Amino acid sequence: MRDVTAGSESVLELLPMVFADPGEARARAEHVLRAAPSPVHASVAHQVLGIWQRDFGDLRIALRHLRRARDLAARAESADREADVLATLGVALVHAGRTRQGLASFERGVARGSGHTRARVLYRRAYVWWVLGHHREALEDVRRALPVLRQVADDIWTARALTLRATVHLALGSVDRAVADFTAAERLWDTTGQEHDKADAVESRGLAAFRSGDIPAALRLLDEAEERYAKLGTPTYNLSIRRCEVLMAAGLAPEALAEADTAIALLDRIGGQSTRKAELLLAAARAARSAGDAHTAIARAAVAVRLFAAQRRTWWETHARLVLIEARVAAGRRSGRMVADAAAVAERLASFGSPAAPEASLLAGRIALALGWTADAERHLAVAARSRHGGPPPARMTGWAAQALRARAAGARRGVLEACRRGLDVLDDHRMTLGASELRAHATAQGAELAALAQEVSLAEGSPRRLLGWSERWRATVLSAPPTRPPDDPALHSGLTAYREIAARAEAARMEGRPVPALEREQRRLEREIRSRTRHMGGAAADAGDRLDVGRLLDRLGDGWLVELAVVDGRVHVLLCGQGKVRRFTGGSLAEAVAEAEHVQAGLRRLAHPGAEARLPLVEAAGRRLEELLLAGAVRHLGPGPVVIVPPGALHRVPWALLPALRERVLSVSPSAGSWLRARETAPPPDGPPVLVRGPGLATGGAEVPELADRYGTATVLEGEDAQVPRVLAELDGAGLAHLAAHGTFRADSPLFSALRMADGPLIVHDFERLTRSPYRIILSSCDTARLASVGADELLGLVTALLPLGTAGVVASSAPVNDAAVVPLMLALHKGLGAGLSLAEALRDARTALPGDAVHQATGWAFAAFGAA
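Residues numbered from 1 in each chain as written. Predicted model: local features only at pLDDT ≥ 70, side-chain atom pairs only at ≥ 80, totals over all residues. Heavy atoms only, no water.

Caption draft 1: Highlighting the overall build of the protein. On a plain count of helices and strands, the protein comes out with 39 helices and 16 strands. Computed over the C-alpha atoms, the radius of gyration of the protein is 31 Å, within 12% of the 29 Å expected from 2.2 N^0.38 for a compact globule of 870 residues. Principal axes of the C-alpha set define a box for the protein whose edges measure 100 × 70 × 45 Å. Taken across its 870 residues, the protein has 59% of its residues classed as buried. Partitioning the intrachain contacts of the protein with sequence separation of at least 6 by distance along the chain shows that 70% fall at a separation of at least 24. Carbon together with sulfur atoms contributes 50% to the accessible area of the protein, which is approximately 33300 Å² in total. (Helix = DSSP H or I, 4+ residues; strand = E, 2+ residues; numbered from the N terminus. Rg over C-alpha atoms; globule rule 2.2 N^0.38 Å. Buried < 20%, exposed > 50% of the residue type's maximum accessible area, 1.4 Å probe, protein only. Contact = heavy atoms within 4.5 Å. Areas by Shrake-Rupley, 256 points an atom, 1.4 Å probe, with all protein chains shown as cover.)

This is the structure in structure tokens:
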């Protein structure tokens, strides 16, 4: 610049500083303006303030600063200075939704600039092309800018250009090219002090990891980027958009919706970028659709479509239209116009090179099928099915779903089953890259349609064995392989310790009637931190676990029976396995059974307290109705041997011992037939003393524990201050038998934070997952320890399901509130049976019959169940 002197260098340094230390750059720019600067210096200062407001504050204020900066640059007669400001102004105008004015500003900037400055203008116009969804134009401008930036050794802007090109490659599905550019950019960032750009590079690597299918790495990198941004005090709207995408892929749509809505509210509050708001609305619409909230999805997507259209962002608008049509279909709407609209969206997405194009073709085919337009459906589904052989897992899943629907429309049952098998194999491979059981469980929802289609075909074919195989194919898959053991992570360990301490302090304060909002906020923060760190774990298993061998199952049952309840199209089908064969019986409506089970739970809650004896006949009547709905004609074919019940997730709270045909039986429950078979074949550890744990605050004081200690003689007893989580975990690891008398708390909102209360605070599911091998047999004698949350396709998360994949072969636990005093004789009788060499199921059956005949004791006996096969 002609009038820039050596003394001006400190002012010019403010421009790179705004991306290295935004707060400091803003403060210095304000200081410059207070010192009556020259037009050039004032132009730089206003540009810095405009950038800060554009990215972190109010766009209206940003535009005022940038227009002032432009006018001052023109007054200084500095063409390069004016070109640079015009580019910054162009970005701000586009983010404000004034696309035509923004592109015009770039035209003037490209014309005014020369050499190095012009290359920087081209880079920023490339960024705007990316924002607008014009990917080819973005790549062209980067191609023109990069040689000049490299020639003058401008590492900062070269790294930015490489990062942008990588991001465009990702939008076009070219993951390998993107990774190469991100790697080259990161090498350059290591030589600079641009902390904000470094954080952006970490965020971009997270996006690349996600696109390559590595969700744990994506979550870890996005969390790292958020920590870096937090140190700089900068908002993270773009990060929120990317995290929403990753959370949805992990099956965590409600979390994604909450994140998007929070970011939208913040943007609205500060008058932030209109472009970012539109993108967040699209993310919120996708999340709401995935979460099953069609009406919220429609509302968010409709606003996003209008904003993108006003901003002239056709690429984005088309993606928003896809979500809008999907949400309308989810709300029950179907029409010929919607087929045409979905087909038009698919065609436009394909012209953009968008990976979402097959999804739109699948949508058009679905609507056409629903309308009975088989020829149109075949045309659209055939296009969608092409994606089944390549690309990331979601695209291949889309392709196999389309292929399955094509086969069903053509009446090709074998083709349906093959497509379902191949599609679920893709999802299995993806699911096993996840280390956290929570993520594995939620990810199964993506295969629910394929599993349902396969079950429908198997039912129509009349093959009970095949229906059993497909019921098992998508039932309790999380239990088929243990979760990745958390690494020796000091941050995770300290987080768990801090969580325990805060939770204990909050519980003590509640009991004393003191307010706890600050403690609860800290507890929620620690929960988020623990959840995040466990989600960073990659999968260690090489495959998705063993498929059920029906022949082996029948052999292992011996003279016993396994009853698996499969749900097809809302109706329960009873699969009775035993005596070398599998038979099917038609049960009742799943919805009716769920409602009846809720009535039973309410009755058991009342019967846990004396004085509710009048409820007993009502509860027993409900048990008879449940038997009609859930066992139907299979009851007459049950022989005298033990029975294993395998219910769907929706029925996990049924107290099976209440059903008349099962009351006198040796009865156990399992999340899947495969899970029972693995438990049956789990070898017990070498004999060792049982571990008896007594937690604080029990109404009876855990009265059975001293008696059991006397009975066993050599038992390891942990009570009082000895019953602290680290010591308890150390003793439980690898034990043959453990009995835990401790208050249980079930967390429906976050089942892996369900807990048993120890002397130093809660022992949560995340703690159990750190065991090398959980106890072979474990008895949980308090309320609600068998309660589970149904997530994903048909997965269950909670204390019991955390233990089964870790080496536990049998659990006794309660699915309802129980009377503490009535539990004591039940537990003593149970251990008496174990001492006589009985299994958990046999001992629990005998313990029930030994209880007094009053309503409280009967209800207590029904509330407990034996899980597994030990």
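Caption draft 2: Here's a closer look at the pattern of salt bridges. Using the criterion set out here, one finds 61 salt bridges in the structure. A salt bridge links Asp 71 to Arg 70; the shortest N-O distance between them is 3.3 Å. Arg 70 sits in the partly exposed class, given a relative accessible area of 22%. Between Arg 276 and Glu 279 there is a salt bridge, with the nearest N and O atoms lying 3.1 Å from each other. Linking Arg 276 with Glu 279, this pair stays in helix α16 (residues 274-290), spanning three residues, or about one helical turn. No difference in accessibility class separates Arg 276 from Glu 279, as the two residues are buried. A network of salt bridges, in which partner residues are shared, links Glu 418, Arg 421, Arg 422, Asp 425, Asp 428 and Arg 473. (Salt bridge = Lys/Arg side-chain N within 4 Å of Asp/Glu carboxyl O.)

Caption draft 3: Inspection of the sheet that holds strand β10 (residues 755-758) at higher detail. Read across the sheet, three strands follow the order β9-β10-β11 without closing on themselves; strand pairing throughout is antiparallel. Each end of this open sheet is capped by a strand with a single partner; those strands are β9 (744-745) and β11 (761-764). Against the sheet, helix α27 (residues 490-511) contacts β10 and β11, and its axis sits at roughly 130° relative to β11. Relative to the sheet, helix α34 (residues 725-732) contacts β10 and β11, its axis offset from that of β11 by approximately 30°. (Pairing = 2+ DSSP bridges. Axes fitted to C-alpha atoms, helices over the stretch in contact; angles between N-to-C directions.)

Caption draft 4: Up close: the layout of surface pockets. The computed volume of the second largest pocket comes to approximately 1400 Å³. Lining the second largest pocket are 46 residues, with Glu 255, Arg 528, Arg 531, Ser 532 and Arg 535 positioned closest to its centre. Secondary-structure elements contributing two or more residues to the lining of the second largest pocket are α13 (215-232), α14 (237-249), α15 (253-270), α24 (437-443), α28 (517-535) and β13 (789-791). If one sorts the elements of the lining of the second largest pocket by residue count, α28 sits on top with nine residues. When its residues are assigned to classes, the lining of the second largest pocket shows 17 nonpolar, nine polar and 20 charged. (1 Å grid on protein atoms, 1.4 Å probe; cavity = no way out; pocket = protein on both sides within 12 Å on 5 of 7 lines; lining within 4 Å. Points joined across faces, edges and corners; volume = space filled by probe spheres on them. Nonpolar A, V, L, I, M, F, W, Y, C, P; charged D, E, K, R; others polar.)

Caption draft 5: Fine view of the packing of helix α18 (residues 314-330) against helix α19 (residues 336-352). α19 packs onto α18 with a crossing angle of 145° between their chain directions and a minimal axis gap of 10 Å. The chirality of how α18 crosses α19 is left-handed. For the pair α18 and α19, the contacting residues are Thr 314, Trp 315, Thr 318, His 319, Arg 321, Leu 322, Ile 325, Arg 328 and Val 329 in the first and Met 338, Asp 341, Ala 342, Val 345, Arg 348, Leu 349 and Phe 352 in the second. Broken down by class, the residue content of the contact of α18 with α19 amounts to nine nonpolar, three polar and four charged. (Left-handed = near helix turned anticlockwise from the far one by under 90°.)

Caption draft 6: Geometry of the environment of Thr 191. Mapping Thr 191 onto the fold places it in the loop between α11 (175-189) and α12 (195-211). It is 50 Å that separates the C-alpha atoms of Thr 191 and Leu 381, two residues lying 190 residues apart in sequence. A polar atom in the side chain of Thr 191 sits 2.6 Å from the backbone oxygen of Leu 188. (Polar contact = N/O pair within 3.5 Å; in protein donor to acceptor, adjacent residues only side chain to side chain.)

Caption draft 7: Helix α29 (residues 550-557), seen in detail. Turning to α29, its buried residues are Val 550, Leu 553, Leu 554 and Leu 557. End-on, the buried residues of α29 take up no more than an arc of 95°, which puts them together on one face. Where α29 is buried, its residues meet α26 (464-473), β1 (561-568), β2 (571-578), β3 (581-589) and α32 (673-680). You can read the cap of α29 off the contacts: a side-chain oxygen lies 3.1 Å from the backbone nitrogen of Gly 551, and it is on Asp 549. Following α29 by one or two positions, Gly 558 adopts a phi angle in the positive range, close to 60°. (Arc of directions from axis to C-beta.)

Caption draft 8: Structural view of the packing of helix α10 (residues 155-171) against α11. Contact geometry for α10 and α11: axes closest at 8 Å, N-to-C directions at 160°. In terms of orientation, α10 and α11 fall into the roughly antiparallel class. Of the two possible hands of crossing, α10 and α11 adopt the one that is left-handed. The segment α10 lies against α11, with Asp 155, Ile 156, Thr 158, Ala 159, Arg 160, Leu 162, Thr 163, Arg 165, Ala 166, Thr 167, His 169 and Leu 170 engaging Val 175, Arg 177, Ala 178, Asp 181, Phe 182, Ala 184, Ala 185, Leu 188 and Trp 189. Class assignment for the residues of the contact of α10 with α11 results in 12 nonpolar, four polar and five charged. (Parallel < 35°, antiparallel > 145°, perpendicular 65-115°, else oblique.)

Caption draft 9: Seen up close, the packing of aromatic side chains. Using the criterion set out here, one finds five aromatic pairs in the structure. Relative to Trp 316, the ring of Phe 308 has its centre 5.7 Å away and its plane inclined at 25°; by these criteria the two rings are stacked. Residue Phe 308 shares its accessibility class with Trp 316, and that shared class is buried. Each ring, one from Trp 315 and one from Trp 316, has its centre 5.1 Å from the other, and the planes form 80°; the classification is edge-to-face. Side by side, Trp 315 and Trp 316 carry an identical accessibility label, which is buried. (Phe/Tyr/Trp six-rings, centres within 6.5 Å; stacked < 30°, edge-to-face > 60°.)

Caption draft 10: Spotlight on empty space enclosed by the protein. According to the stated counting rule, one finds seven cavities of 30 Å³ or more in the structure shown. In this structure, the largest cavity encloses a volume near 90 Å³. Surrounding the largest cavity, Leu 698, Thr 700, Gly 702, Glu 704, Ala 741, Ala 742, Ser 781, Ser 782, Val 818, Asp 820, Val 823 and Val 824 form its lining. Ranked by residues supplied to the lining of the largest cavity, first place goes to helix α37 (residues 820-835) with three residues. Along the lines of polarity and charge, the residues of the lining of the largest cavity split into six nonpolar, four polar and two charged.

Caption draft 11: Layout of unusual backbone geometry. Phi at Ala 36 takes a positive value of approximately 50°, unusual for a residue other than glycine. Inspection of the secondary structure assignment puts Ala 36 in the loop between α3 (22-33) and α4 (39-56). The backbone phi angle of Gln 579 is positive, close to 55°, even though this residue is not glycine. On the secondary structure map, Gln 579 appears in the loop between β2 and β3.

Caption draft 12: Structural detail: helix α23 (residues 413-431). When the terminal C-alpha atoms of α23 are compared, their 27 Å separation across 19 residues agrees well with the 27 Å that a helix rising 1.5 Å per residue should span. Within the sequence span of α23, burial applies to Val 416, Leu 417, Ala 419, Cys 420, Gly 423, Leu 424, Val 426, Leu 427, Asp 428, His 430 and Arg 431. Elements in contact with the buried residues of α23: α13, α14, α22 (393-409), α24, α25 (448-461) and α26. (Expected span 1.5 Å × (residues − 1).)

Caption draft 13: Focus on the nonpolar core. Core analysis: the largest hydrophobic core is formed by 105 residues, its most contacted members being Ile 215, Ile 325, Leu 349, Ile 367 and Cys 420. Ignoring sequence-local partners within four residues, the contact set of Ile 325 consists of Met 338, Asp 341, Ala 342, Val 345, Leu 363 and Ile 367. In terms of nonpolar packing, the next biggest core, distinct from the first, is built from 94 residues, Leu 576, Leu 662, Ala 865 and Phe 867 among them. (Core = buried A, V, L, I, M, F, W, Y, C linked by side-chain atoms within 4.5 Å.)

Caption draft 14: Seen up close, the pairing of β11. Direction of pairing for β10 relative to β11: antiparallel, over a ladder of four bridges. Pairing of Ala 755 across the sheet is with Ile 764, part of β11. Hairpin geometry of β10 and β11 is characterised by an intervening segment of two residues between the two adjacent antiparallel strands.

Caption draft 15: Region of interest: the environment of Asp 749. Position of Asp 749 relative to the elements: it lies in the loop between β9 and β10. The exposure class of Asp 749 is exposed, given its relative accessible area of 61%. Note: C-alpha distance between Asp 749 and Ala 138 (611 residues apart in sequence) is 43 Å.

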